[in-house]
Amino acid sequence: MNPGLGAAAATGVLIAVIGPVNAALQARLGTWGMVAVVHLLGLAVGVLGLLLFERGAGARIDGTLRFVLVAGVLLALAVLAWAFRATPGEGIPAFAFLGGVLGALVVVGTIVAIQHLGVLAALVAIVSSQLIAAALIDQFGWFELPVIAMNPTRALGLLLVLVGVLLVARRG
């Protein structure tokens, strides 16, 4: 299988999951608390990825960048400590902290997909898997969401969109 297609499919699923995950966190921390936690966790994942996977000449980490990276991770940890303290007894589900991690993976997956498929085909593949994942999330009410069952009208709408996606993705 083309690595770009796999990356696109995974990215679409992650995009469908990010919204409900972030909504669960927002319900407990408020909008800006959620934004802070999500982005700082994304920063932490980016720093970890940089330190673990980028070893080429283009990934040189000088003293200033190292300071910024360490400061960002420390800030992320401080905001996480606040998030856990900010909602005593309300219980934030563990999945609600995945938004920043998923967001970082979406950025990487989108880049990999585009490098292998081109922009249009990558985005079409991402949207296709996103729609299918969203339909499943609604159907089963995952991530603390109400169940919205698939009915013939919704199924037809999804099918028409997917057919359109396939038509756009065709080469030639």
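What comes next concerns the included structure.

This part is about unusual backbone geometry. In the Ramachandran plot, Phe143 falls in the positive-phi region, its phi being about 65° despite a non-glycine side chain. By the secondary structure assignment, Phe143 is in the loop between α5 (119-140) and α6 (152-169). Phi angles above zero are rare outside glycine, and Glu144 is one such case at about 65°. Among the secondary structure elements, Glu144 is positioned in the loop between α5 and α6. Relative accessible area serves as the criterion here: at 48%, Glu144 is assigned to the partly exposed category.

Glancing now at the packing of helix α2 (residues 31-53) against helix α4 (residues 99-117). With their axes 7 Å apart at the nearest point, α2 and α4 run at an angle of 55° to one another. With respect to α4, the element α2 is oriented oblique. Classified by chirality, the crossing of α4 by α2 is right-handed. Of the residues in α4, those in contact with Val38, Leu41, Gly42 and Val45 of α2 are Gly99, Gly100, Val101 and Ala104. Residue composition of the contact of α2 with α4, by class: 5 nonpolar, 3 polar and no charged.

This part takes up the packing of helix α1 (residues 3-29) against α2. Two elements in contact, α1 and α2, have axes separated by 7 Å at closest approach and are oriented at 130°. The orientation of α1 relative to α2 falls into the category oblique. The crossing of α1 and α2 is right-handed. Touching Asn22, Leu25, Gln26 and Leu29 of α1 are Thr31, Gly33, Met34, Val37 and Val38, all from α2. Considering only residue class, the contact of α1 with α2 consists of 5 nonpolar, 4 polar and no charged.

How each quantity is defined
Think of each chain on its own: its residues are numbered from 1, step by step along the sequence as written. Only residues with pLDDT of 70 or above have their local features reported here, since the model is predicted, and side-chain atom pairs are shown and tallied only from 80 upward, although totals for entire chains, interfaces and linings are computed over all residues. For the side-chain quantities, the full set of heavy atoms in the structure was used; hydrogens and water were omitted. Going along the chain from the N terminus, every DSSP run of H or I of four or more residues is numbered as a helix, and every run of E of two or more is numbered as a strand. Residue burial is assigned from relative accessible area. The probe radius is 1.4 Å, only protein chains are included, and a residue is buried under 20% of its type maximum, exposed over 50%, and partly exposed in between. For helices, the axis comes from a line fit to the C-alpha atoms of the stretch in contact; other axes are also lines fit to C-alpha atoms, and the angle between any two N-to-C directions lies between 0 and 180 degrees. Each angle gets one of four labels, with under 35 degrees taken as roughly parallel, over 145 as roughly antiparallel, 65 to 115 as roughly perpendicular, and the rest as oblique. With the far helix as reference, a near helix turned anticlockwise by less than a right angle produces a left-handed crossing, and one turned clockwise produces a right-handed crossing. Note on definitions: a residue-residue contact is assigned when non-hydrogen atoms from the two residues lie within 4.5 Å. The classification used treats Ala, Val, Leu, Ile, Met, Phe, Trp, Tyr, Cys and Pro as nonpolar, Asp, Glu, Lys and Arg as charged, and all other residues, Gly among them, as polar.

Keep in mind these numbers describe shape, not what the thing actually does.
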